[in-house]
Amino acid sequence: MEALKQSLLELITETSTNLPPDVREAIKKAKESENAGTRAALALSTISDNIQMAEENISPICQDTGMPTFKIKVPVGANQMEITRNIREAIVEATETGILRPNSVDSLTGENSGNNLGEGVPVIHYEQWEKNKIEVRLILKGGGCENKNIQYSLPCELEGLGRAGRDLDGIRKCILHSVYQAQGQGCSAGFIGVGIGGDRTTGYELAKQQLFRKAYDTNPNPDLAKLEDYIMENANKLSIGTMGFGGNTTLLGCKVGTMHRIPASFFVSVAYNCWAFRRQGVTIDPETGKINSWLYKDKPQKSAPITVTESASNQQQASGSREIVLTPPISEEQIRNLKVGDVVILNGLIHTGRDTLHKYLMDHDTPVDLQGGVIYHCGPVMLKDSGGKWQVKAAGPTTSIREEPYQSDIIEKFGIRAVIGKGGMGAKTLAGLQKHGAVYLNAIGGAAQYYADCITEVEGVHFMEFGVPEAMWHLQVKNFAAIVTMDAHGNSLHQDVEASSLEKLAQFKEPVFS
C-alpha cells in the first residue's frame, strides 16, 4: 500500500524536523525564565534559532536521529507484517534523503548498515484495540540522552540524598538524583519519563512510554500528579541549567507511571530525553493508508509547568565574557590565553572525530596533520549533491564523555589544541589540557542546523568504512561559536556546576512524602 508508506514517511519527516507545540512552549518558557546575557539564555536562544531553521530547511533538528521507536495500535485483523514492511521501506527512504542519520550498527563487527535497518532496528511495539483506525506514535531519542537513562533498585544509598527506601519518598529521591547525574550530558534542559515497578525490562519500557504523554497533561493518579509537580518545582533548584552551564531551568517536563512488581524487586527506571524532544503521532485509515489526524499538533491549553528559582549563582553574565577569534592551526600561546567563559569563534579547518576514530588513532597515525588543530566530536548527517559533492545536512556536537579514555593521549600524540563537544569531559582530559596546552569548547547540543550553517565546505573525508557518523570529516567553518568550559589552567565549568548542584541536592535529603 503506497499511501501507507507515504504516511509513515511523512510521520518520520515531521518527527525529525519539527518539534511539536507542547515542547516548543516548554522551551519558550525556559528561555523567558533566564536572565538576559547568561550562558543559559544564550544557549536557549541558539536552540530556538535551531528549531526554526530545522522546520524551514526540513532537516533534522539534531544530527543524532536516534533509534526510531514506534508504538502502534491496530484494529483486529490488521496485517502487522504489512505495516512493518512499510515502516522499514519508509525508514530506508528517510535515511537516503537525510531525514535520518544512518544509526544502525552491528554490535559485534561495528559495521553500519547504512540504511537504519538491522537486527531489532527499528523498534516496533504493537497493541490491538477495538477502534477501526491505526494509531502510530514515533519517538526519535538520541544516544546522548539515552546514555543518561538510569535505573535504581530500592532500597539504595544515593549521593547527596542518603538512603532511598521502598516508598514514595524513596522514589522522589531517585528522580531528583536522576536529574543530578545527567548534568549537561543529556542536552539539558530535558524531559524525563519515570517507571515505578515492573522488572528491569518492563520498568524501562514504562518509563519511555511516559515520554509519549503531552508536556502539559495532568496525571490521573493524584499521588503521582503531586510527585510530578514536586519534581518540576525542585529539580530546577539544582541550577544545572541548559547544557550544564548553570541556570534557572534544568527540567522541562516530568511524567511518572506505575505498575505492579514482585515482592523482591522494586525498580525506579528513568528515561531521560533532551530538549530536542522529537515525538509525534498520527491516526491512519486502515483501508486507504492515509493520515486522518496528528496527535501532537494542537496548541497547549495551558503553559507547561516549569518552576524556576532565582539565585545569585545563576547571575553569571556571559555578556561580560571575552570573544576570541581563532584560525587553525592554533598556537599554544593563544590557547594559554583563554579561560573558562570565553567565547571562541573559529574560522578555518576543523576535523570530526568520534568513538571509532579515537580508538583507531590510539594505535595508528592520522591521515592529516592535526598539529595545532581542532577535533569536533560530531557525527554529521551528510548527503551528496547532484555533482557528487558532500553537503552537510546536520552537524551538532555529540556527548564528549565517551572519549574520556582516549582524549588526553590523542591531544598529546597529535598536538591538538582544541576539542569541541558537549557535556564536558573528566579529570584525565582536564589534566591533559593543562599539561599539553589545549582547551575544551562546549557547543550547544542538538543545534544541528545552527552549526551546519557555519560549515562552508566539506574538504574531504577519511575512514568511510567506519560509517558516516564515525568517519573523519574535514570541514571548513566560518563564525563557528563555542564556549570555553575547560581551559589550559585546570579550570572546569562542568566540575563547578556538578559540585554546586550536589550541594543543592543535599537540601532534599529529609522526607517529604510520608
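Numbers given for residues are sequential positions, taken from 1 along each chain in its written order. In keeping with the predicted nature of the model, local features appear solely for residues at pLDDT of at least 70, side-chain atom pairs appear and are counted solely at 80 or more, and the whole-chain, interface and lining totals rest on all residues. Calculated side-chain values reflect all of the structure's heavy atoms, with hydrogen atoms and water omitted.

Draft legend 1. Region of interest: the UniProt feature "domain: Fe-S hydro-lyase tartrate dehydratase alpha-type catalytic" (unreviewed entry) in the protein. UniProt positions are given in the numbering used here, feature names are shortened, and annotations may be inferred rather than shown by experiment. Those residues carrying the UniProt feature "domain: Fe-S hydro-lyase tartrate dehydratase alpha-type catalytic" (unreviewed entry) are residues 7-282 in this numbering. Secondary structure elements are defined from DSSP: runs of H or I of at least 4 residues count as helices, runs of E of at least 2 residues count as strands, and each element is numbered from the N terminus. Helix makes up 38% of residues 7-282 and strand makes up 21%, while its end C-alpha atoms are separated by 9 Å.

Draft legend 2. Summary view of the domain arrangement of the protein. Per the annotation, domain bounds derive from an automatic or database assignment of domains. The domain boundaries assigned to the protein delineate domain 1 (1-18 + 61-141 + 278-298), domain 2 (21-26 + 143-275) and domain 3 (323-493). Look at where the C-alpha atoms of domain 1 and domain 2 centre, and you get two points 26 Å apart. Only heavy atoms matter for contacts: two residues are in contact if any of them lie within 4.5 Å across the pair. At the interface, 15 residues of domain 1 touch 22 residues of domain 2. Salt bridges are counted wherever a side-chain nitrogen of Lys or Arg sits within 4 Å of a carboxyl oxygen of Asp or Glu. One can count three salt bridges joining domain 1 with domain 2. Salt-bridge contacts for D22 lead to R279; the nearest nitrogen and oxygen are separated by 2.5 Å. We define a polar contact as two N or O atoms separated by no more than 3.5 Å, with the added condition that, inside protein, one atom must be a possible hydrogen donor and the other a possible acceptor, whereas residues neighbouring each other in sequence contribute only through side-chain atom pairs. In this assembly, domain 1 and domain 2 are joined by twelve residue pairs in polar contact (both at pLDDT 80 or more). When contributions to the side of domain 1 that touches domain 2 are tallied by element, the ones reaching two or more residues are β1 (69-75) and β3 (134-140). With three residues, β3 is the single largest residue contributor to the side of domain 1 that touches domain 2. For this classification, Asp, Glu, Lys and Arg are treated as charged, while Ala, Val, Leu, Ile, Met, Phe, Trp, Tyr, Cys and Pro are nonpolar and the rest, including Gly, are polar. Looking at the side of domain 1 that touches domain 2, its residues break down into five nonpolar, three polar and seven charged.

Draft legend 3. Structural context of the packing of aromatic side chains. Only the six-membered ring of Trp is used, alongside the rings of Phe and Tyr, when aromatic pairs are assigned; centres must lie within 6.5 Å, and planes under 30 degrees apart are stacked while those over 60 apart are edge-to-face, with the rest tilted. Summed over the entire model, instances satisfying the criterion amount to nine aromatic pairs. An angle of 65° between the planes, with centres 5.5 Å apart, marks the rings of Y230 and F513 as edge-to-face. Taken as a pair, Y230 in helix α8 (residues 222-235) and F513 in the segment after α14 (493-505) lie far apart in primary sequence, 283 residues in all. Each residue's exposure class comes from its accessible area (1.4 Å probe, protein chains only) as a fraction of the maximum for that residue type: buried when under 20%, exposed when over 50%, partly exposed otherwise. The class of Y230 is buried, set by a relative accessible area of 13%. Either the NZ atom of lysine or the CZ atom of arginine qualifies as a charge over a ring when it sits within 6 Å of the ring centre and within 35 degrees of the ring normal. Between the NZ or CZ atom of R279 and the centre of the ring of F277, over which it lies, the distance is 4.5 Å. Over the ring of W294 we find K297, and its NZ or CZ is 4.0 Å from the ring centre.

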